[in-house]
Every structure is written in C-alpha cells, then in structure tokens.
Amino acid sequence: MNLRSGYLNHSSSRMLNRIKAVYLYIREEGPVTTAQLAEEFGTTDRTIQRDLTVLEYNGLVDSPHRGKWTITEKKVKIS
C-alpha cells in the first residue's frame, strides 16, 4: 500500500476541484481580484495565484486590468 500516492491523489483532486470552482466563480461574478477569491475560498492569496496561473496557462482566464481576473472566450466543457 502506497500512502504517499494516495495522499497526492487526494490533494490533487482537491486542488483541481478548487480550480474548477474558481473558474466558475469568476464566470458568474465577473472581474474579481485575487484577494476576493482568496476570501471567498478561504485560502491564501498565494494559493489562489497558483490556481489562476493554471487557468491562465490553459487560456481560461486573463487579467487585462492589473489585478482583476475575467474568463476568456475559450470554450470549456465543465464536467
């Protein structure tokens, strides 16, 4: 039994669920700041920034006005 990989899978799953929730929140609420997201999700600015980096890398969010995050026009299938 490999406890380490089980922990990583749980941790990764939690992170992916939060990233999806962050994306959906931005889609619903419009332009939001990192601080607003951190408060909404009960996490640190740094954690949210990592989540936003993943979303930005995948072309799903953008920050055209410094510090305000919006979704992009890229189509995404939410499952």
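Reference entry: report on the structure contained in this document.

The rules behind each value
Residues numbered from 1 in each chain as written. Predicted model: local features only at pLDDT ≥ 70, side-chain atom pairs only at ≥ 80, totals over all residues. Heavy atoms only, no water. Phe/Tyr/Trp six-rings, centres within 6.5 Å; stacked < 30°, edge-to-face > 60°. Helix = DSSP H or I, 4+ residues; strand = E, 2+ residues; numbered from the N terminus. Buried < 20%, exposed > 50% of the residue type's maximum accessible area, 1.4 Å probe, protein only. Contact = heavy atoms within 4.5 Å.

**Looking at the packing of aromatic side chains**
- Summed over the entire model, instances satisfying the criterion amount to 1 aromatic pair.
- Ring centres 5.8 Å apart and planes at 80° place the aromatic pair Tyr 25 and Phe 41 in the edge-to-face group. Residue Tyr 25 is found in helix 1 (residues 3-29), and its partner Phe 41 is found in helix 2 (residues 34-41); the two are separated by 16 residues along the sequence.
- Its relative accessible area of 26% is what places Phe 41 among the partly exposed residues.

**Observations concerning the side chain of Thr 34**
- Position of Thr 34 among the secondary structure elements: in helix 2.
- A relative accessible area of 14% means that Thr 34 is categorised as buried.
- Excluding anything up to four places from it in sequence, Thr 34 contacts Asp 45, Ile 48, Gln 49, Leu 52, Gly 67 and Trp 69.

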